[in-house]
Amino acid sequence: MKEQQLKALGHQGPVCYNNQCPRREQCLRWLANGYANEKPLVLSVVNIQNAEVNSGNCPLFAADKTVTVWRGMTRFYHDMPHHTELAIKEHLIRNLTRTRYYKLRKGELPINATLRADIERVCRQHGWTEPLVFDSTGEEYLW
């Protein structure tokens, strides 16, 4: 499972090849470097010449820990009155952008605890007091 998630992360964003970093064994960016996509000639990587990166306080450090995430909102509005659904949906699209909202709705992007709290706040502002319904929940590595 961890290897599969590292492979997915290796295709998503900057990976790190700083073998001198004292925190490399606990950093997802360094652990994912072996899974970086081999096809492109140019990769997004952490600049190991940067002073902050070499100080041991890398701003791109991503802890090797799983977090609870929720995915998908395809059943999110099933029990809501139509006017409440429209108000919440419009508010979320305004806050998140249309593209990001629909990627979250389809489950293409994970919803972390902070984003889930924001979504819940919007629902409560529009009078929805029932529990939120997401398609799935699980533990994933995120950076």
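Residues numbered from 1 in each chain as written. Predicted model: local features only at pLDDT ≥ 70, side-chain atom pairs only at ≥ 80, totals over all residues. Heavy atoms only, no water.

Draft legend 1. Summary view of the packing of helix α4 (residues 82-96) against helix α5 (residues 98-106). Contact pair α4 / α5: the axes reach a minimum separation of 6 Å and the direction vectors enclose 115°. In the packing of α4 onto α5, the handedness of the crossing is right-handed. Judged by residue contacts, Lys89, Leu92, Ile93 and Leu96 of α4 engage Arg98, Arg100, Tyr101, Tyr102 and Leu104 from α5. Tallied by class, residues from the contact of α4 with α5 come to 6 nonpolar, no polar and 3 charged. (Axes fitted to C-alpha atoms, helices over the stretch in contact; angles between N-to-C directions. Helix = DSSP H or I, 4+ residues; strand = E, 2+ residues; numbered from the N terminus. Left-handed = near helix turned anticlockwise from the far one by under 90°. Contact = heavy atoms within 4.5 Å. Nonpolar A, V, L, I, M, F, W, Y, C, P; charged D, E, K, R; others polar.)

Draft legend 2. Spotlight on the nonpolar core. Core analysis: the biggest nonpolar cluster contains 19 residues, and Met73, Phe76, Ile88, Leu92, Ile111, Ile119 and Cys123 have the highest contact counts within it. Residue assignment for this core shows that the elements contributing at least two residues are α4, α5 and α6 (113-125). Within the second largest apolar cluster, 11 residues are counted, among which are Cys27, Trp30, Leu31 and Tyr141. (Core = buried A, V, L, I, M, F, W, Y, C linked by side-chain atoms within 4.5 Å. Buried < 20%, exposed > 50% of the residue type's maximum accessible area, 1.4 Å probe, protein only.)

Draft legend 3. Here's a closer look at the packing of α4 against α6. Direction vectors running N to C along α4 and α6 enclose 140°, while the axes themselves pass 9 Å from each other. Taken as axis vectors, α4 and α6 run oblique relative to one another. Once α4 is placed against α6, the crossing between them reads as right-handed. Of the residues in α6, those in contact with Ile88, His91, Leu92, Asn95 and Leu96 of α4 are Leu115, Ile119, Arg121, Val122, Cys123 and Gln125. Its residues assigned to classes, the contact of α4 with α6 shows 7 nonpolar, 3 polar and 1 charged. (Parallel < 35°, antiparallel > 145°, perpendicular 65-115°, else oblique.)

Draft legend 4. Main features of the environment of Glu52. Its location among the elements puts Glu52 in helix α3 (residues 51-54). Residue classification places Glu52 among the partly exposed positions, given a relative accessible area of 47%. As a C-alpha pair, Glu52 and Gly138 span 86 residues in sequence and 33 Å in three-dimensional space. Setting aside anything within four residues of it in sequence, one finds Glu52 in contact with Asn57, Cys58 and Pro59.

Draft legend 5. Quick peek at the state of the cysteines. Within the structure shown, the criterion is met by 0 disulfides. Not engaged in a disulfide, the cysteine Cys58 finds its nearest cysteine sulfur in Cys16; these two sulfurs lie 6.3 Å apart. (Disulfide = S-S within 2.5 Å.)

Draft legend 6. Highlighting the pattern of salt bridges. Counted under the stated rule, the structure contains 6 salt bridges. In this structure, the salt-bridge partner of Arg124 is Glu120, at a minimum N-O distance of 2.9 Å. In this pair, Arg124 and Glu120 are both assigned in helix α6, 4 residues apart and thus about one turn of the helix distant. Assessed through its relative accessible area of 32%, Arg124 is described here as partly exposed. Bridged by salt links that share partners, the residues Arg116, Glu120 and Arg124 form one connected network. (Salt bridge = Lys/Arg side-chain N within 4 Å of Asp/Glu carboxyl O.)

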